[in-house]
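# Analysis of the macromolecular model
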Amino acid sequence: MTNPLFYAKIILFGEYGMIEDSQGLVVPYSFYKGTLKFSDLSSEFELNSNRHLQKYSDFLTTLDLSDDFTLDIESFKNDISNGLFFDSNIPQGYGVGSSGALVAAIFEKYSVSKLNPENISKENLKKLKAIFGEMESYFHGKSSGMDPLICYMNLPILIENKENLDRVSIPEGQEGKGAIFLIDSGITGETGPMIQIFFEKMKTEGFRKTLKEEFIRYNNACIDAFLKKDMNPFFRNLKKLSHWAYEHFRPMIPESIFKIWKKGLDSNAYYLKLCGSGGGGYILGFTQDYEKAEKMLDGFQKEVIYRF
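Note that this is a predicted model, so its numbers are computed, not measured. (Residues numbered from 1 in each chain as written. Predicted model: local features only at pLDDT ≥ 70, side-chain atom pairs only at ≥ 80, totals over all residues. Heavy atoms only, no water.)

### Quick word on the side chain of Ser 22
Going by this rule: Segments assigned H or I by DSSP are reported as helices when at least four residues long, segments assigned E as strands when at least two residues long, and all are numbered from the N terminus. For each residue, the accessible area found with a 1.4 Å probe, counting protein chains only, is set against the maximum for its type, and the residue is called buried under 20%, exposed over 50%, and partly exposed in between. Contacts between residues were defined by any pair of non-hydrogen atoms, one from each residue, lying within 4.5 Å.
Summarising the element assignment, Ser 22 is placed in the loop between strand S1 (6–13) and strand S2 (24–38). Under the relative-accessibility criterion, Ser 22 is labelled buried at 0%. Excluding anything up to four places from it in sequence, Ser 22 contacts Gly 14, Gly 17, Ile 159, Asn 161, Ile 216, Asn 219 and Asn 220.

Structure follows, in structure tokens:
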């Protein structure tokens, strides 16, 4: 029996803000995926993955998960010794949930009580997110649990605040001039150090104030307008959000992206924002005229993820 595929995820809105109770909108991205498989571990990739799973299984034995979400670690360890590895094309350090997909795959296969993602109650969604946060903390030091939750559910999720989240329908994409796209910064990013920078910034009263009064306001307005497919207020708030990030998230913006980030703001041809924690990996782009934006971003590798 083949194991299910787990897709990557993209935080469209809410990176960092979700730590401080902003809304978040996270969607699955099926271009990248991973699944648990067995092999004779003859390739270096498979062998490395198997070794990482060994270390990770040791970490999981230290967790005290609630009875409803117990994992069969013994079966997991047994499978690892029989050549289990995670076959994934999700790039690491790119902000698209490589560790989230792995955590979701392990939970799905080894959780003692089987859940059906289609009818999980809102209350259990919240509990599951907390469990996934503990499981993913191995990779980042601290995790909200959101990435694995999206990968596990394979549905768009709206985070209303720290306490509430629910499934949500995003407007159906259609062939139009507009697009949401990814830009490859050309370098990998590390989540841990970026989050550390954010928490250092949060020690400053001025930064805390502007995050709460500006960033969260623009972020939530973008989500609201996007879900209503109301594109004028969407792009109006998106410009403010992109400008705010350019001013306040400087250390998180890869150097290769600085100039084109500013170019988008100055020309209004497109707007950029972080995809995940930043520092490298992908950057998100939004435009009402993709053909024009594509020409202006010549030389950068791009992937369209949504058309409107």
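The discussion continues.
### Quick look at the UniProt feature "domain: GHMP kinase C-terminal" (unreviewed entry) in the protein
The criterion, for reference: UniProt positions are given in the numbering used here, feature names are shortened, and annotations may be inferred rather than shown by experiment.
The sites that UniProt annotates as "domain: GHMP kinase C-terminal" (unreviewed entry) are residues 224–302. Helix makes up 49% of residues 224–302 and strand makes up 14%, while its end C-alpha atoms are separated by 26 Å.

### Some words on the pattern of salt bridges
Which entries qualify depends on this criterion: For this document, the term salt bridge refers to a Lys or Arg side-chain nitrogen within 4 Å of an Asp or Glu carboxyl oxygen.
For the structure on display, the rule yields 13 salt bridges. In this structure, the salt-bridge partner of Lys 273 is Glu 15, at a minimum N-O distance of 2.7 Å. Residue Lys 273 is found in strand S7 (residues 271–274), and its partner Glu 15 is found in the loop between S1 and S2; the two are separated by 258 residues along the sequence. In this pair, the class of Lys 273 matches that of Glu 15, namely buried. For Lys 203, the salt bridge is made with Glu 200, and the minimal N-O distance between the two is 2.8 Å. Owing to a relative accessible area of 42%, Glu 200 belongs among the partly exposed residues under this scheme.

### With respect to the sheet that holds strand S9 (residues 302–307)
What counts is decided by this rule: Should DSSP find at least two bridges between two strands, the strands are taken to pair. Every axis in this analysis is a line fitted to C-alpha atoms, fitted for helices over the stretch in contact. Angles between the N-to-C directions lie between 0 and 180 degrees.
Spatially, the 4 strands line up as an open sheet ordered S7-S8-S6-S9, and their pairing is antiparallel. Each edge of the open sheet carries a strand with a single partner, namely S7 and S9. Between one strand axis and the next, the sheet turns through 25 degrees on average, direction left out of account. Against the sheet, helix H8 (residues 231–248) touches S7 and strand S8 (282–287), its axis set at about 60 degrees to S7.

### Re the UniProt feature "domain: GHMP kinase N-terminal" (unreviewed entry) in the protein
Sites flagged by UniProt as "domain: GHMP kinase N-terminal" (unreviewed entry) map to residues 84–153. Taken end to end, residues 84–153 has its terminal C-alpha atoms 23 Å apart, with 57% of it in helix and 7% in strand.

### Description of a negative patch on the surface
Definition in use: Like charges within 9 Å and nonpolar side chains (Val, Leu, Ile, Met, Phe, Trp, Tyr) within 5 Å are joined into patches, using only residues over 30% in relative accessible area that form no salt bridge. Using the Shrake-Rupley algorithm and a 1.4 Å probe, accessible areas are obtained, with residue cover drawn only from the displayed protein chains. We treat Lys and Arg as the positive residues and Asp and Glu as the negative residues; His and chain ends play no part in the count. One atom stands in for each charge, and that atom is NZ of Lys, CZ of Arg, CG of Asp or CD of Glu.
Judged by side-chain charge, Asp 64, Asp 67, Asp 68 and Glu 134 come together as a negatively charged surface patch. Within the fold, Asp 68 resides in the loop between helix H1 (44–61) and helix H2 (73–81). Residue class for Asp 68 comes out partly exposed when judged on its relative accessible area of 45%.

### Thoughts on the environment of Glu 303
The criterion, for reference: Pairs of N or O atoms within 3.5 Å make up the polar contacts considered here, provided that, within protein, one atom can donate a hydrogen while the other can accept it, and that residues adjacent in sequence are counted only when both atoms are side-chain atoms.
In this structure, Glu 303 sits in strand S9. Judged by relative accessible area, Glu 303 falls into the buried class, the value being 14%. The spatial distance from the C-alpha of Glu 303 to the C-alpha of Phe 31 is 9.7 Å, given a sequence separation of 272 residues. Here Tyr 32 takes part through its side chain, which lies 3.2 Å from a polar atom of the side chain of Glu 303. For Glu 303, the side chain forms a polar contact with the side chain of Tyr 282, separated by 3.1 Å.

### Observations regarding the packing of aromatic side chains
When we look at a pair of aromatic rings, we describe it by the centre distance and by the angle of the planes. Rule in force here: Put simply, two rings from Phe, Tyr or Trp (the six-membered ring, in Trp's case) pair if the centres are within 6.5 Å, and we call them stacked under 30 degrees between planes, edge-to-face over 60, tilted for the rest. Note on geometry: a ring has a charge over it if NZ (lysine) or CZ (arginine) is within 6 Å of the ring centre and within 35 degrees of the ring normal.
Scanning the entire structure with this criterion turns up 36 aromatic pairs. Between Phe 31 and Tyr 32 the ring centres are 4.9 Å apart and the planes differ by 80 degrees, which places this aromatic pair in the edge-to-face class. You can call Tyr 32 buried: its relative accessible area is 9%. An aromatic cluster is present here, built from Phe 13, Phe 226, Phe 234, Phe 235, Tyr 271, Phe 286, Tyr 306 and Phe 308 joined pairwise through their rings. Seen from the ring of Tyr 246, Arg 250 lies directly overhead, with NZ or CZ sitting 4.2 Å from the centre. Residue placement shows Arg 250 over the ring face of Phe 258; its charged tip is 5.2 Å from the ring centre.

### Focus on unusual backbone geometry
Positive phi outside glycine occurs at Asp 21, with the angle close to 75 degrees. For Asp 21, the location among the structural elements is in the loop between S1 and S2. Among the residues examined, Asp 21 registers a relative accessible area of 38% and is labelled partly exposed. Unusually for a residue other than glycine, Lys 229 sits at a positive phi of about 55 degrees. Within the secondary structure, Lys 229 is located in the loop between helix H7 (205–227) and H8. Among the residues examined, Lys 229 registers a relative accessible area of 32% and is labelled partly exposed.

### Thoughts on the packing of helix H4 (residues 122–140) against helix H5 (residues 146–153)
The line we're drawing: Throughout, the term roughly parallel applies to angles under 35 degrees, roughly antiparallel to angles over 145, roughly perpendicular to angles from 65 to 115, and oblique to all others. Left-handed describes a crossing whose near helix is turned anticlockwise from the far helix by less than a right angle; the clockwise case is right-handed. Charged residues are taken to be Asp, Glu, Lys and Arg, nonpolar residues to be Ala, Val, Leu, Ile, Met, Phe, Trp, Tyr, Cys and Pro, and polar residues to be all remaining types, Gly included.
Following both chains from N to C, one finds H4 and H5 inclined at 120 degrees, their axes separated by 7 Å at the closest point. For the element pair H4 / H5, the angle class is oblique. Seen from above, H4 lies across H5 with right-handed handedness. For the pair formed by H4 and H5, the contact residues are Leu 125, Leu 128, Lys 129, Phe 132 and Glu 136 on the first element and Met 146, Asp 147, Pro 148, Leu 149, Tyr 152 and Met 153 on the second. Taken together, the residues of the contact of H4 with H5 sort by class into 8 nonpolar, no polar and 3 charged.

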